Amino acid sequence: MAENNDEERGRYRKVDMEHPDAPIGESTQTNLLPMDDFSDDFSDDSSPPTPRFMQDQSSFKFLKWVPVPIRRFCRSAVRWAQGPDPPHIYTITPFLPMIQELPIRLLDQYIPKRRHRIALLISYYFCWILTFSLVLRESTFATEIEGWGAPGNIGCGNTYWVPGNRCGLNGNDCRPFSGSGFAFRCPANCASVMVLNPRAVGAQEIIYKPFVIGGPSEDSTPIYRGDSFICGAAIHAGIIDNAKGGCGVVTLVGEHGNYPSTKRHGIESVGFDATFPSSFSFHTATSCEAKDARWSLLFVSLTYTILLSLFTTSPGLFFSNIFTGLFAHVGLASDPPGHSSMAGLVSNILGKFLPAAFCAFVMYRYMGVRRALTNLTAQIEKTTLWLGGCWVGALSNYTFEWIPIQRLNAHDIKQQPGAKLALALIVVFLALIVIKQVFFFQREGRLIRYLGIYGIFIGAILLSLLLPGLSLRIHHYILALLLLPGTSMQTRPALVYQGILIGLFINGIARWGFDSVLQTPAALQGDAPNYSALPKISPPTIQLGKDVSRISFSWLSPPEPFDGISVLVNDVERFRGYTDEGFASDKRFVWRRDPKKDEPEYFRFAYMQGSQSWDYTRAGIWERNGSWTEMLPGPSKIKSRELDDAVLLTI
């Protein structure tokens with residue numbers, strides 16, 4: 001038996017002692033490649049056998065320049081990427097199936113007929129919509145304030161005074177400065193609204209914080225500068241609650257100076273030690289009741305979506321209902337876009353929902369949602385992992401608020417404290433998730449196809465970066481669409497990832513809409529500096545007197561294409577002159593102040609081009625003692641970014 005061992009084992013015969021380039025023997029070839037069906041065709045072939053090194057290289061005859069070890073590594077990598085045969089398709093086996101499948105058994109036992117289930121579902125829709133509508137309607141009411149009437153809705157970024165020179169010379173376009181007021185109502189969560197690019201206040205530049213200047217000092221009445229966010233100031237003063245919103249009465253109190261910096265109710269105000277012509281305060285003796293219903297509506301929406309998830313087995317029915325319900329909740333309750341009336345808000349949300357519904361169909365049918373939810377009987381795990389993740393993404397204005405990245409673009413990441421570290425940690429976390437998902441796709445035999453899909457995505461992104469005059473911006477919904485195909489499997493981690501991405505898509509579209517992926521630099525710039533030319537100001541002439549002190553400035557004529565000069569004093573435009581008005585290079589701007597005023601004054605200069613002011617210089621300071629502190633090099637941006645819900649209030 002031992003002598004015939006080689007013949008019996010065939011292809012397992014050792015050939016280690018042979019020369020590497022020796023031809024493969026006939027018996028070995030026969031055992032390696034079954035040729036029984038073709039023996040007749042090759043029986044008369046008397047040509048010598050092909051050397052082994054030529055056989056190894058036949059598949060790479062067009063890539064002879066590639067080293068053999070690299071070719072073998074590539075073959076091994078391709079074989080690994082193709083996955084096992086047959087592929088291992090992942091499915092979730094429920095923990096405690098008797099408990100998780102209990103809702104399904106209850107439906108089968110008590111409502112077995114299809115028409116009864118349809119009637120129950122319609123009744124469920126009716127109760128859901130009715131409950132949501134009633135709670136939402138209650139939130140539109142506010143008690144009237146005696147002498148002021150019903151409060152008017154304002155946005156978190158509303159102000160009396162707009163920055164820069166948009167209030168005109170001496171602020172005349174933003175009058176009156178005192179003697180008027182109105183009853184207002186603010187939504188919840190206004191403390192999170194902040195300026196996203198530097199905004200000048202005296203010699204300071206404020207960024208990534210609520211724009212609230214002033215407040216109470218030593219138990220005095222809180223007074224705020226006219227360009228402060230009214231709702232942020234009301235939270236700081238304790239008039240309304242950030243979590244619930246509220247209403248009150250605000251009145252203009254005219255010129256004020258020496259605004260203190262204080263921290264109250266989670267907002268740290270900005271100090272300003274000079275005079276400003278417009279200020280406001282709040283009435284504390286009035287009573288008003290108005291509540292933002294977003295938390296009550298959250299309870300309603302959570303209850304109905306959880307029940308629907310537990311008792312629904314159809315993946316299409318589950319996804320379409322959850323998508324619609326969360327879209328309505330985000331748009332009408334948790335993160336509504338700016339609006340002046342409920343009818344306008346409903347119209348806004350309906351206009352966004354129709355294209356979003358088409359995207360939802362594509363995501364369900366072609367981007368892996370249906371694959372992840374089909375035949376999933378782990379009802380509690382589906383509710384906890386997928387639906388829970390979806391709520392986390394849909395409420396990203398709360399759940400991800402702690403991450404110090406406001407906008408995902410290079411400019412913001414460079415200037416926001418902590419953004420680089422946060423982005424690095426996010427990239428590492430995503431890389432770990434990708435590695436794990438790659439393993440799952442390899443086991444299911446779908447890795448090569450999805451590598452091709454993401455290769456197309458990466459190519460499109462790189463191509464977008466090369467387009468002249470356009471910048472790529474990754475929005476909420478774009479991030480969700482890019483990553484969603486990578487969750488198209490039925491594993492517990494994939495359910496969580498997919499739910500979060502669907503929620504991010506809902507939040508991005510319901511709040512901001514389908515903003516463009518490719519935007520011009522001007523659209524992305526907002527209120528960031530233009531880095532335009534700055535006026536060259538000669539050292540000022542200062543005259544100190546007992547009754548009045550003077551400081552005078554001169555400058556060279558503006559170069560082309562500029563045709564004028566704008567001067568801000570204490571953040572208010574006090575001079576605007578144009579070359580066609582006849583002023584020459586020796587034109588002077590003279591500012592006077594009372595020596596009894598123990599406060600500094602801040603001067604900024606900018607070129608004008610028609611009615612548009614360009615970058616202002618940083619502040620030069622006329623100190624209390626009469627000395628002059630030169631302005632630092634570079635621009636300070638005064639012009640404000642127009643918040644979606646920020647408008648100038650005129651009474």
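Overview of the structure. Values in this document were obtained by computation on a predicted structure and should not be read as measured data.

Scoring rules and cut-offs
- Residues numbered from 1 in each chain as written.
- Predicted model: local features only at pLDDT ≥ 70, side-chain atom pairs only at ≥ 80, totals over all residues.
- Heavy atoms only, no water.
- Helix = DSSP H or I, 4+ residues; strand = E, 2+ residues; numbered from the N terminus.
- Expected span 1.5 Å × (residues − 1).
- Axes fitted to C-alpha atoms, helices over the stretch in contact; angles between N-to-C directions.
- Parallel < 35°, antiparallel > 145°, perpendicular 65-115°, else oblique.
- Left-handed = near helix turned anticlockwise from the far one by under 90°.
- Contact = heavy atoms within 4.5 Å.
- Nonpolar A, V, L, I, M, F, W, Y, C, P; charged D, E, K, R; others polar.
- Pairing = 2+ DSSP bridges.
- Core = buried A, V, L, I, M, F, W, Y, C linked by side-chain atoms within 4.5 Å.
- Buried < 20%, exposed > 50% of the residue type's maximum accessible area, 1.4 Å probe, protein only.

Some words on unusual backbone geometry
Okay, so step 1: Look at the link from Arg175 to Pro176: it is a cis peptide, with omega at 5 degrees.
Okay, so step 2: In this structure, Pro176 sits in the loop between strand E1 (152-153) and strand E2 (178-186).
Okay, so step 3: Going from Glu560 to Pro561, the amide bond is cis rather than trans, its omega being 5 degrees.
Okay, so step 4: With respect to the secondary-structure elements, Pro561 resides in the loop between strand E16 (549-554) and strand E17 (564-569).
Okay, so step 5: At Asn189, a position not held by glycine, the phi torsion is positive, near 65 degrees.
Okay, so step 6: Structurally, the position occupied by Asn189 is in the loop between E2 and strand E3 (199-201).

Thoughts on helix H5 (residues 68-82)
Okay, so step 1: With 15 residues, H5 ought to run about 21 Å at 1.5 Å a step, and its terminal C-alpha atoms sit 21 Å apart, in line with that.
Okay, so step 2: Once H5 ends, the next one or two residues include Gly83, with phi positive near 80 degrees.

Focus: the packing of helix H19 (residues 476-483) against helix H20 (residues 492-512)
Axes are the key here: two packed helices are described by the angle between their axes and the distance separating the axes.
Okay, so step 1: Two elements in contact, H19 and H20, have axes whose closest approach is 7 Å; the angle formed by their N-to-C orientations is 155 degrees. With respect to their mutual orientation, H19 and H20 come out roughly antiparallel. Two packed elements cross with a definite hand, and for H19 against H20 that hand is left-handed. Of the residues in H20, those in contact with His476, Tyr477, Leu479, Ala480, Leu481 and Leu483 of H19 are Leu501, Leu504, Phe505, Asn507, Gly508 and Ile509.
Okay, so step 2: Residues that form the contact of H19 with H20 fall into these classes: nine nonpolar, three polar and no charged.

Remarks on the pairing of strand E21 (residues 612-617)
Okay, so step 1: Across three bridges, strand E20 (residues 601-609) lies against E21 in antiparallel orientation. Paired with Ala606 across the strands is Tyr616, a residue of E21.
Okay, so step 2: Hairpin geometry of E20 and E21 is characterised by an intervening segment of two residues between the two adjacent antiparallel strands and by a positive phi of about 70 degrees at Gly610.
Okay, so step 3: The sheet contact formed by E21 and strand E24 (residues 635-636) spans two bridges and is antiparallel. Directly across from Thr617, in E24, lies its bridge partner Pro635.

Quick word on the nonpolar core
Most often, soluble globular proteins keep nonpolar side chains buried together rather than apart.
Okay, so step 1: Residues Phe319, Phe323, Phe327, Trp386, Ile502 and Phe505 are the most contacted members of the largest nonpolar core, which totals 52 residues.
Okay, so step 2: Of all elements in the fold, only helix H8 (114-138), helix H10 (294-311), helix H11 (315-334), helix H12 (342-366), helix H13 (369-373), helix H14 (379-394), H19 and H20 reach the threshold of two or more residues within this core.
Okay, so step 3: Among the elements that take part in this core, H11 stands out by supplying nine residues, more than any other.
Okay, so step 4: Among all residues touching Phe319, those that are not within four sequence positions of it are Ala360, Tyr364, Val369, Leu373, Trp386 and Ile502.
Okay, so step 5: Cys186, Ala234, Ile267 and Phe280 belong to the second largest nonpolar core, which has 22 residues in total.

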